[in-house]
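Summary of structural features
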Amino acid sequence: MYIDLLRNKILEQEEVYKFLRENRADIVCYKEFKDGELGIKDANYTNRMRLFIISYMKK
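What comes next concerns the included structure. For clarity, every value in this text was computed on a predicted model and none was experimentally measured.

Observations concerning helix 1 (residues 2-21)
- For helix 1, which comprises 20 residues, the first-to-last C-alpha distance of 29 Å matches the rise-based estimate of 28 Å (1.5 Å per residue) to within 8%.
- Taken residue by residue, helix 1 has Gln13, Glu14 and Val16 as its buried positions. Mapping the buried residues of helix 1 onto a view down its axis gives an arc of 155°, with all of them on the same face.
- In this structure, the buried residues of helix 1 make contact with helix 2 (45-58).
- At the C-terminal side of helix 1, Asn23 shows a positive phi close to 60°.

Given below as structure tokens:
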């Protein structure tokens, strides 16, 4: 059960890596959006973290 969850999370990270290899850097570059409660935030923060995780795992 937990192995399947982990495998799915790793595949999510892999998708961001594939987009970047296809020159789709817009999914990891800073993208400002306004949150009514917290103010200005970065919409692609999670994708950059996913990219970091997958690049760390590939070393």
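So much for the structure itself; the text now carries on.
Section: the environment of Lys34
- Mapped onto the fold, Lys34 is located in strand 1 (residues 32-35).
- What makes Lys34 exposed here is its relative accessible area of 67%.
- If we ignore the near neighbours within four places in the chain, the residues touching Lys34 are Gly39 and Ile40.

Quick notes on a nonpolar patch on the surface
- Taken together, Tyr45, Met49, Phe52, Ile53, Tyr56 and Met57 make up a surface patch of nonpolar side chains, about 650 Å² in accessible area.
- Positionally, Met57 belongs in helix 2.
- On the basis of relative accessibility, which here comes to 44%, the residue Met57 falls in the partly exposed class.

Calculation rules
Residues numbered from 1 in each chain as written. Predicted model: local features only at pLDDT ≥ 70, side-chain atom pairs only at ≥ 80, totals over all residues. Heavy atoms only, no water. Helix = DSSP H or I, 4+ residues; strand = E, 2+ residues; numbered from the N terminus. Expected span 1.5 Å × (residues − 1). Buried < 20%, exposed > 50% of the residue type's maximum accessible area, 1.4 Å probe, protein only. Arc of directions from axis to C-beta. Contact = heavy atoms within 4.5 Å. Patch = residues over 30% accessible without salt bridge, like charges linked within 9 Å, V, L, I, M, F, W, Y side chains within 5 Å. Areas by Shrake-Rupley, 256 points an atom, 1.4 Å probe, with all protein chains shown as cover. Salt bridge = Lys/Arg side-chain N within 4 Å of Asp/Glu carboxyl O.

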